[in-house]
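# Observations on the three-dimensional arrangement
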Amino acid sequence: MVKHDLVILGAGPGGYIAAIRAAQLGMDVACIEKEKALGGTCLRIGCIPSKALLDSSEAWREVSSGGLKAHGVKVGGVELDLKTMMKRKARVVSALTTGVAGLFKKNKVTRYTGHGRIAGAGKVVVETADGKEEIEAEHILIATGSCCAELPGVELDHDRIGTSTEALSYQAVPESLIVIGAGFIGLELGSVWARLGAKVTVLEYLDRILPGVDLELANAMRKILAKQGLSFQLGVKVTGAKVVGDACEVTVDGGDPVTAERVLLAVGRKPVTDDIGLSTVGIEVDSRGRIPVDEHLKTGADGVYAIGDVIEGPMLAHKAEEEGIACVERIATGYGHVNYGVIPGIVYTHPEVAAVGKTEEELKEAGVEFRKGTFPFIANGRARALGETDGMVKILADAGTDRVLGVHIIGPRAGDLIAEAAAAMEYGATSEDIARTCHAHPTLSEVVKEAALAVSGRALHL
Ligand code: NAI
């Protein structure tokens, strides 16, 4: 029987990064993935294809809505070629998934294509179309990720009523689309189809959008998205959805049904822990289907670890990556750590929303005294030159020590700008540290510096 030092179930960002890092550390690593393409949901049917469509649809919106006119660029005969847009998306995905396969080869990671199942201590079975192969493992790492959560009453036909997977591949722009859930997925994919011409209605159970995001920013973003044509119905509990003739009918608690050509269900994701042999090593999942782990990402079973969407915490690719690295470093060296206080989150709407650390609401609830500095993009030279002036940076710093506790951004390339804030927080920076760091002019990053200055009332351009 083949034996490996480490066998990883799942080749998403958590699993494949862990495999590469473990190989770098000298382990004999195997990674089992049931899909032919490596990279998991993120690369195949999540982050990457959605960003490809977000960038393409934004280019369409910019040109077709006459956004270039202000630059003195007149464009005529603009046409949407959805087929080419989808082909480009597929090319972006395949370049990256084949890239992961190349990285596995380079790092001598053994790849098994099939369904992996734990079969007792130190044993894993890989099931393929050709049969079963049993392999031995000194350590087992579960990185099987998550799938779309369903909602009772919503009859998914995975065509007209579908999840993000279908919404990444509509063959024509729907005339109307109902999005259930105003979270990350609902707003990103809702934006794509609204830009391409669909009448998008977002139904959200809460009285706000983007749960978990700082409320001031979430409210500002709702107004920006409404201006872009997304219509929001908040405080609406969806109770069902089905195809009725040519339309999809969505029923809501205490209100009239709403109809549309298509429905996108985006009410969260759930861990994939079924049928991976957890009971053979005595692992029980919690009430939300997650695998309990200790601070070293170790499950209750000896030699079995879990990372990413199958355990507690935000379901984000980069969180899974950090855990994958920490987990295998811990196995190989005895040390490994994830700083859960500094995990950025980004919503790739236009403009983007990005955040790291605590929200105002969280600080108030915890009774932490803080000072707040905000600065708008409209007062920034580069944002003006770009014609991207919506949004602001908000920095929250401890009232006593001035240590940065949270940074929240709506604005152009907010997802890239947040990296500075994450690095600053990782080093325990104060708002004064950011304010005294030289930021190149003219750049969008000066908005971060100005917000840091604003914490002590010293913003220069306000
Ligand atoms: P989510 O948890 O972000 O949002 C789901 C929304 O659905 C919530 O606002 C919830 O209140 C609402 N909802 C639940 N039941 C409802 C009902 N019956 N009627 C109406 N509304 C209802 O989930 P989402 O957007 O599906 O994303 C799933 C995960 O994927 C998240 O953890 C997210 O972090 C991750 N993700 C991250 C992205 C990124 O980093 N840019 C992009 C896409 C997803």
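Note that the structure is a prediction, hence the values are computed from the model and not measured.

Attention shifts here to the site of the ligand. Looking at the ligand, there are 25 residues lining it, with I185, E188, E204, G268 and I346 nearest. Here A266 contributes a backbone N or O atom positioned 3.5 Å from an oxygen atom of the ligand. G268 is positioned with one of its backbone polar atoms (N or O) 2.9 Å from an oxygen atom of the ligand. Here the ligand has 850 Å² of accessible area as a free molecule, and 82% of this is covered by the chains. Per-element accounting of the shell around the ligand gives the leading share, four residues, to helix α6 (residues 184–195).

A few words on the packing of aromatic side chains. In this description, an aromatic ring pair is defined by two values, namely the gap between the centres and the angle between the planes. Tallied over the full model, the rule gives one aromatic pair. Measuring from ring centre to ring centre gives 5.0 Å for Y170 and W193, while their planes differ by 40°; the resulting arrangement is tilted. Placement of Y170 in the loop between α5 (164–167) and β9 (176–180) and of W193 in helix α6 is noted, with a sequence separation of 23 residues between them. For Y170, a relative accessible area of 2% puts it in the buried group. Since its relative accessible area comes to 0%, W193 is described here as buried.

Attention now goes to the layout of surface pockets. Size it by volume and the second largest pocket reaches roughly 720 Å³. Taken together, 26 residues form the lining of the second largest pocket, with E58, R61, H350, P351 and E388 sitting closest to its centre. Mapped onto the lining of the second largest pocket, the elements with two or more residues apiece are α3 (47–64) and α7 (215–227). If you tally residues by element for the lining of the second largest pocket, the top one is α3, at six residues. Among the residues making up the lining of the second largest pocket, the classes are represented as seven nonpolar, eight polar and eleven charged.

Another aspect to go through is the domain arrangement of the chain. If you check the domain split of the chain, you get domain 1 (2–147 + 270–338), domain 2 (161–267) and domain 3 (345–455). Look at where the C-alpha atoms of domain 1 and domain 2 centre, and you get two points 27 Å apart. Each side of the interface is counted separately: domain 1 has 16 residues, and domain 2 has 14 residues. Counting each side, the surface lost to burial between domain 1 and domain 2 is near 1300 Å², with a carbon and sulfur contribution of 70%. Between domain 1 and domain 2 we count two salt bridges in total. Applying the counting criterion to the domain 1 and domain 2 interface returns seven residue pairs in polar contact (both at pLDDT 80 or more). The set of elements that each furnish at least two residues to the side of domain 1 that touches domain 2 consists of α3 and α4 (82–106). Considering every element that reaches the side of domain 1 that touches domain 2, the biggest residue donor is α3, with nine residues. Considering only residue class, the side of domain 1 that touches domain 2 consists of nine nonpolar, three polar and four charged.

Calculation rules
Residues numbered from 1 in each chain as written. Predicted model: local features only at pLDDT ≥ 70, side-chain atom pairs only at ≥ 80, totals over all residues. Heavy atoms only, no water. Near = heavy atom within 4 Å. Polar contact = N/O pair within 3.5 Å; in protein donor to acceptor, adjacent residues only side chain to side chain. Areas by Shrake-Rupley, 256 points an atom, 1.4 Å probe, with all protein chains shown as cover. Helix = DSSP H or I, 4+ residues; strand = E, 2+ residues; numbered from the N terminus. Phe/Tyr/Trp six-rings, centres within 6.5 Å; stacked < 30°, edge-to-face > 60°. Buried < 20%, exposed > 50% of the residue type's maximum accessible area, 1.4 Å probe, protein only. 1 Å grid on protein atoms, 1.4 Å probe; cavity = no way out; pocket = protein on both sides within 12 Å on 5 of 7 lines; lining within 4 Å. Points joined across faces, edges and corners; volume = space filled by probe spheres on them. Nonpolar A, V, L, I, M, F, W, Y, C, P; charged D, E, K, R; others polar. Domains from an automatic or database assignment. Contact = heavy atoms within 4.5 Å. Buried area = accessible area lost by both parts, 1.4 Å probe. Salt bridge = Lys/Arg side-chain N within 4 Å of Asp/Glu carboxyl O.

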